[in-house]
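Structure at a glance
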Amino acid sequence: MNPATGRPAARPVAPVSSAADRIHFHLVHMTPFRSLRPLLLASFAVLLGACGGGEAVRPTPPAAVVLPATPAPKIRIGIALGGGAAKGFAHIGVIKMLEANGFQPEVVAGTSAGSVVGALYASGMDAFAMQKTAFSLDEAEIRDVSLFSGGVVKGQKLQDYVNQLVGGKSIERMRKPFAAVATNLETGDRTVFVLGNTGQAVRASSSIPGVFEPVAIGKFHYVDGGVVSPVPVDAARQLGADFVIAVDISSKASGKNPGSMLGNVNQSITIMGQRLGAQELARADVVIRPSVNEIGPADFEQRNNAIMEGERAALAAMPQIRAKVAQWQKARQDEAVAARRAADAKAEQAKLRAFCEEEDRKWMSKLRRDPQCKALAEQGVLSK
């Protein structure tokens, strides 16, 4: 009792800290309807139970994942170097321009003269080193005349010369995967050398019938690969190239007599292989054709002109190479994105199914099933 007022003394009030405390404070201290207190407290307890107890808040189904940008895939470029005797110096010019423009062939296949340049390039020489070697080449280093043995030139000197330049490395030890293509004289089949003596494989690939002796390897004999594969596009593919740049230096019939035995033989082989070669060239992504038709098969003094023609032809082909490389990368990129989307969709489907199966274990959830879960049930993935 307050002596000053004659009224009951005020009781201290506890701090109000929560929603329940505030409602309780209101019921006890503020409302005049004390008789309703038990009923209101009971109603409040029911409301709290409905909010905080019973079934937990339902989780949301898994959301779709936004894929990050896919980087451009790496492309493995292969180069297929065709045959053409002294015209083969043009391959050096082509490789020089490819390297200068940022294209580094990773696999190399060669036929005949192309196998000579290809072996040097695969061994680790760059285009400038090969050009220097070409300028210092003395024909006597690769020509060993051998009459009455099935050919005018034996070819042993060519074999030794190549092995010297590649440092005695076998084909399988080259810095770049390399293949030399030859023709099996007994069966007529194409033979792709990817193992063994590099110089011997190049010699077999370069043994023009009637000019060089056939090369005996094992129980078979081999001659120039130009008979069956003038530009070895398929061999480059077999080495794992994604994108093949073919270099065609073969002679085209000009209506004139070649004028020499070597020219006659070379043009005869070219004519025989033209139709077959055209089919294989069609399987290349880009074909470069240096203008070397006027260079004879034995015109070694024209090596500088051949190299320059190779440079010009490769430079002219650059826009096409860039466009087709970009097209290839875009196609692979689209394939990768599609594969990732399919994998992610499969994973999301599995998550959604697990979510729906978990929800279906609760009978109230099954009655008010999520639309995505309902769709799965309609598809027969979940039980209805």
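Structure: see above.
Below is a summary of the structure that appears in this document. Since this is a predicted model, take the numbers as computed values, not measurements. (Residues numbered from 1 in each chain as written. Predicted model: local features only at pLDDT ≥ 70, side-chain atom pairs only at ≥ 80, totals over all residues. Heavy atoms only, no water.)

1. Some remarks on the packing of helix α4 (residues 113-123) against helix α7 (residues 198-205)
α7 packs onto α4 with a crossing angle of 160° between their chain directions and a minimal axis gap of 8 Å. As far as their axial angle goes, α7 and α4 are roughly antiparallel. Seen from above, α4 lies across α7 with right-handed handedness. Each of S115, V116 and A119 in α4 lies in contact with α7, whose residues at this interface are T198, V202 and S205. Residue composition of the contact of α4 with α7, by class: three nonpolar, three polar and no charged. (Axes fitted to C-alpha atoms, helices over the stretch in contact; angles between N-to-C directions. Helix = DSSP H or I, 4+ residues; strand = E, 2+ residues; numbered from the N terminus. Parallel < 35°, antiparallel > 145°, perpendicular 65-115°, else oblique. Left-handed = near helix turned anticlockwise from the far one by under 90°. Contact = heavy atoms within 4.5 Å. Nonpolar A, V, L, I, M, F, W, Y, C, P; charged D, E, K, R; others polar.)

2. Some points on the pairing of strand β6 (residues 220-224)
Across three bridges, strand β3 (residues 178-184) lies against β6 in antiparallel orientation. Looking across to β6, one finds that N184 is bridged to Y222. Pairing of strand β5 (residues 215-217) with β6, which is carried by three bridges, proceeds in the antiparallel orientation. If you follow V215 over to β6, its bridge partner there is Y222. Between the antiparallel neighbours β5 and β6 lie two residues, among them G218 with a positive phi of about 65°. (Pairing = 2+ DSSP bridges.)

3. Focus on the pattern of salt bridges
Counted by the stated rule, this structure contains eleven salt bridges. One salt bridge in this structure joins E309 and R312, with 2.9 Å as the shortest N-O distance. In this pair, E309 and R312 both sit in helix α10 (residues 303-360), three residues apart, roughly one turn of the helix. Under the relative-accessibility criterion, R312 is labelled partly exposed at 48%. Put simply, D334 and K330 hold a salt bridge, and the shortest N to O gap is 2.8 Å. A residue pair is termed a helical-turn pair when its members lie 3 or 4 positions apart in one helix, as D334 and K330 do in helix α10 at four residues. The partly exposed category is assigned to D334, whose relative accessible area is 39%. (Salt bridge = Lys/Arg side-chain N within 4 Å of Asp/Glu carboxyl O. Buried < 20%, exposed > 50% of the residue type's maximum accessible area, 1.4 Å probe, protein only.)

4. Some remarks on the environment of F300
Inspection of the secondary structure puts F300 in the loop between β8 (286-288) and α10. Once the C-alpha coordinates of F300 and G88 are considered, the two residues, 212 residues apart in sequence, prove to be 9.8 Å apart. Apart from residues no more than four positions distant in its own chain, F300 is found in contact with A86, F89, L137, E139 and I142.

5. Section: the environment of I92
Tracing the backbone through its elements, the reader meets I92 in helix α3 (residues 90-100). Under the relative-accessibility criterion, I92 is labelled buried at 4%. Sequence separation of I92 and G114 is 22 residues, and the distance between their C-alpha atoms is 9.7 Å. Excluding its chain neighbours within four sequence positions, the residues that come into contact with I92 are V117, A127, M130, Q131, A134 and I307.

6. What about the side chain of S170?
Tracing the sequence through the fold places S170 in the loop between α6 (156-165) and β3. If sequence neighbours within four positions are ignored, S170 has contacts with G196 and T198.

7. Remarks on the side chain of D224
With respect to the secondary-structure elements, D224 resides in strand β6. Of the side chains with opposite charge, R203 lies nearest to the buried D224, which makes no salt bridge, at 12 Å. A distance of 2.6 Å separates the side chain of D224 from the backbone nitrogen of G226, its partner in a polar contact. (Lys, Arg positive; Asp, Glu negative; His and termini not counted. Polar contact = N/O pair within 3.5 Å; in protein donor to acceptor, adjacent residues only side chain to side chain.)

8. Digging into the packing of aromatic side chains
Across all of its chains, the model carries two aromatic pairs by this definition. Judged by centre distance (5.3 Å) and plane angle (75°), the rings of F193 and Y222 are edge-to-face. Residue F193 is located in strand β4 (residues 190-193), and its partner Y222 is located in strand β6; the two are separated by 29 residues in the primary sequence. (Phe/Tyr/Trp six-rings, centres within 6.5 Å; stacked < 30°, edge-to-face > 60°.)

9. Here's the deal with the nonpolar core
Within the largest apolar cluster, 63 residues are counted, with the highest numbers of intra-cluster contacts made by F178, I288 and I321. Tallying contributions element by element places α10 first for this core, with nine residues. For I288, the residues in contact, after removing those within four places along its chain, are V94, I245, A246, V247, D248, A313, A314, A317 and I321. Within the second largest apolar cluster, 15 residues are counted, among which are A80, A109, V181 and V231. (Core = buried A, V, L, I, M, F, W, Y, C linked by side-chain atoms within 4.5 Å.)

10. Considerations on the packing of α3 against α4
It is the contact of α3 with α4, at a shortest axis distance of 10 Å, that shows an interaxial angle of 40°. With respect to α4, the element α3 is oriented oblique. Mapping the contact onto sequence places H91, I92, I95 and E99 in α3 and G114, V117 and Y121 in α4. Residue classes in the contact of α3 with α4 are distributed as four nonpolar, two polar and one charged.

11. Here we look at helix α5 (residues 127-135)
The complete set of buried residues in α5 reads A127, M130, Q131, T133 and A134. One side of α5 holds all its buried residues, which, seen down the axis, span an arc of 160°. Exposed and oriented more than 90 degrees from the buried face of α5 are F128 and K132. (Arc of directions from axis to C-beta.)

12. Topic: α6
Taken together, the buried positions of α6 are L158, Q159, Y161, V162 and N163. Tucked inside the fold, the buried residues of α6 contact α4, α5 and α7. Backbone geometry just downstream of α6 places G167 in the positive-phi region, at approximately 70°.

Purely geometric stuff here, so don't read any function into it on its own.
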